[in-house]
Each structure stands twice: as structure tokens, then as C-alpha cells.
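Here's the letter readout for the chains.
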Amino acid sequence: MKRKLMVLAISLVSFSGAAAAFDFGKLLEEGINQELNKGKQTQPAPDASQSAAPQPKQKIDARQLGFALFGDYSPEEETRIGGQIAGDLLGAVPLVRDDKLQRYVNLVGDWVALQSGRKDITWHFGVLDTEDINAFAAPGGYIFVTKGLYRRLNNEAELAGVLAHEVAHVTLKHHLKVLKQSSLIGALGQAASHKVKDSDQAVQNLIGNGAEIMARGLDKNAEFEADRVGIVFAARAGYDPWGLPEVLQDLAGLPAKDSRTSLLYKTHPHPADRLAELGEAVDGRLDAVHGKDLPGRFYHLR
């Protein structure tokens, strides 16, 4: 791996910085808390006759349990779940109003996603209008990069590397695996059932849990795996595979208390840890790969 990346992973220095004007992380977390607290409001106390009445026992739905243990989501169900999560995210923070930017990011993203082999879903990419520094993926191929992160990119290979990391999350179904293991297992089973195929109510019930996953992040091993797979996708697409490590290098040098990265550090391991893990995993295997950076073709924000 490039020497400067390995040196950086060992000898990072933290600085202090100014707060961002718009706290996207706080807004998203507030929305998550609202979703998680739904149904917990105090209910009117029942009268004595009602409280004395025997309550029927709840039955376990064998099909729901079977799905949770052995089933899988169809591409249509995956898209519905991801679409709901993406819609809630866009309800909190809109896309940047720059059609050329959005088209450009979708062109790069579609080409990278083509290398993943997942042709059973339609991919969607967008740049969110916030100075926070982060990127998100939702099931079904919904991928977002924040304007704050996009501004730090220097060329198309770096953009491709960031998008490839998120494409890897979708391809490996990291979020769906967490959803299946979640406490809302009954609702998840219902969402996958044909009984509700004409209604998104059951999918809407997932959003509190889905939003929680978006905010607290995935297991660090899933992030490391997405880094490893992502640089392979970028290399297959003809880009310099070191685009993502270059971005991680830049992020690792940001001030430790920079509010723009507060949500990033809640949802991802520290960039220095990701660099070190990636360097150990690659161990020079991609040194002979010479892809393109394409700085001249990179779309710069106005």
C-alpha cells in the first residue's frame, strides 16, 4: 500500500476546529428518537372490569419466525424498505439543487455499481445539502453523499471510492442482515409476507428501526469489509483503487472535535483505523493496478 497511507495510519495528529452551521447529525438523531418512542406514550388506564378480564395469549407466527431464521428479502421488498428509509432521510435533508451535480454523481455511481453484479435493483445516488461529512447507504440501492464530504474530494477516483464503499454495503446486504436480527422481527416478517404486498404500512413500521441503524451505524467489521470490497469495485471500474484510502487519509487529519464529523464517527470506525485495517488486508496486492484519477472530469461544486 502507498507509504504515505501507512505512515498516516500510525502517526495521525488531531486539531481543533469550528462547528458546522447545520447540525445534520442532531436532526437525524432527533428523528430517530421520535420513531423509537412511537407507541410508548402513556395510554389511558383501563377500568377495573377491563383489567380483570383475561388477556388472550399471543401466538407465534411460524412463517414470520421461519423467515427471520432462514428467509431473505426479494429485490422488490428490499427496494421498498430502502425507499422508505431514503424518503425519511430526504424529508430531513434535501438534495443539493444542482442537476448537473446529481446527474454526474449518478453516472459515476451507476458505473461503479455495475461492477458489483447486482443487476436486480435500480441504483439511486444523490448529494445531500448539508455541510456534515458523511455518506449513507440504504437497502435497494439508495446511496447518498453529503455536500460536506463531496467538497473534500479532489478527483473522480475519490468519488468512485466513496460510492463503491456504499455500493458494497448494499451488495453485501449489511443493513438487511441487521434488520433481520433486530427486535422488530415480527414486523420484518410481516413486511416480507405476501399478505401486505399491496400496503407499505408494515414497511413503514420498520423505519424507526431502519433510522436507528442509519444513525448508530453498522458493525465495524461490516465497515472494514465494505472498504475491502469497495476498492475492488473501484478498480474493476477502471479507477485508481487508492481513491478511497486517499479520502480516508484526508478525513483522518480533520480536527477531532469538528462537529461536521460527529455523526461520521458514530456510524463508522475512525478513518485511521480503517486505513490500518485496509493496509493490512491489501498488503500490496493492488500495487500493480494503475487506474485513472480523472481530476479534469471531476465536477466541482459552485
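Please refer to the structure higher up on the page.
First things first, this report covers the structure right here in the doc. What you are looking at is a predicted structure, and each value in this text was computed from that prediction instead of being measured. (Residues numbered from 1 in each chain as written. Predicted model: local features only at pLDDT ≥ 70, side-chain atom pairs only at ≥ 80, totals over all residues. Heavy atoms only, no water.)

1. Some words on the nonpolar core
Step number 1: Counting 39 residues, the largest nonpolar core has V105, Y150 and L159 as the members making the most contacts within it.
Step number 2: Listed by contribution, the elements that provide at least two residues to this core are α6 (99–114), β1 (124–128), β2 (135–138), β3 (142–146), α7 (147–150), α8 (156–171), α13 (220–236) and α14 (243–252).
Step number 3: At nine residues, the largest contribution of residues to this core is made by α8.
Step number 4: With residues near it in sequence (within four places) discarded, Y150 still touches L101, Y104, V105, V127, V145, L159, F298, Y299 and L301.
Step number 5: In terms of nonpolar packing, the next biggest core, distinct from the first, is built from 14 residues, F136, A138, L176 and L179 among them. (Core = buried A, V, L, I, M, F, W, Y, C linked by side-chain atoms within 4.5 Å. Buried < 20%, exposed > 50% of the residue type's maximum accessible area, 1.4 Å probe, protein only. Helix = DSSP H or I, 4+ residues; strand = E, 2+ residues; numbered from the N terminus. Contact = heavy atoms within 4.5 Å.)

2. A short note on the sheet that holds β2
Step number 1: Within the open sheet, the three strands sit side by side as β1-β3-β2. Their pairing is mixed. Every interior strand has two partners, whereas the edge strands, β1 and β2, have only one. When strand polarity is set aside, the average angle formed by the axes of neighbouring strands in this sheet is 15 degrees.
Step number 2: Looking at chain direction, β1 and β3 are connected through five bridges and run parallel. When the bridges of β3 are listed, V127 appears paired with V145.
Step number 3: Packing of helix α5 (residues 75–92) onto the sheet brings it into contact with β1, β2 and β3, and relative to β3 it is tilted by some 25 degrees. (Pairing = 2+ DSSP bridges. Axes fitted to C-alpha atoms, helices over the stretch in contact; angles between N-to-C directions.)

3. Digging into the packing of aromatic side chains
Step number 1: Counted according to the given criterion, the structure contains four aromatic pairs.
Step number 2: Judged by centre distance (5.1 Å) and plane angle (20 degrees), the ring pair of Y150 and F298 falls under stacked. Residue Y150 is found in helix α7, and its partner F298 is found in the segment after α16 (271–282); the two are separated by 148 residues along the sequence. The same class applies to Y150 and to F298, which are both buried.
Step number 3: Clustering of aromatic rings is evident, with ring pairs tying together Y104, Y150, F298 and Y299. (Phe/Tyr/Trp six-rings, centres within 6.5 Å; stacked < 30°, edge-to-face > 60°.)

4. A closer look at the environment of G141
Step number 1: Following the sequence through the fold, G141 ends up in the loop between β2 and β3.
Step number 2: By relative accessible area, G141 is classed as buried at 0%.
Step number 3: Note: C-alpha distance between G141 and G83 (58 residues apart in sequence) is 8.9 Å.
Step number 4: In this structure G141 touches I121, T122, W123, H124 and V170, once residues within four positions along its chain are discounted.

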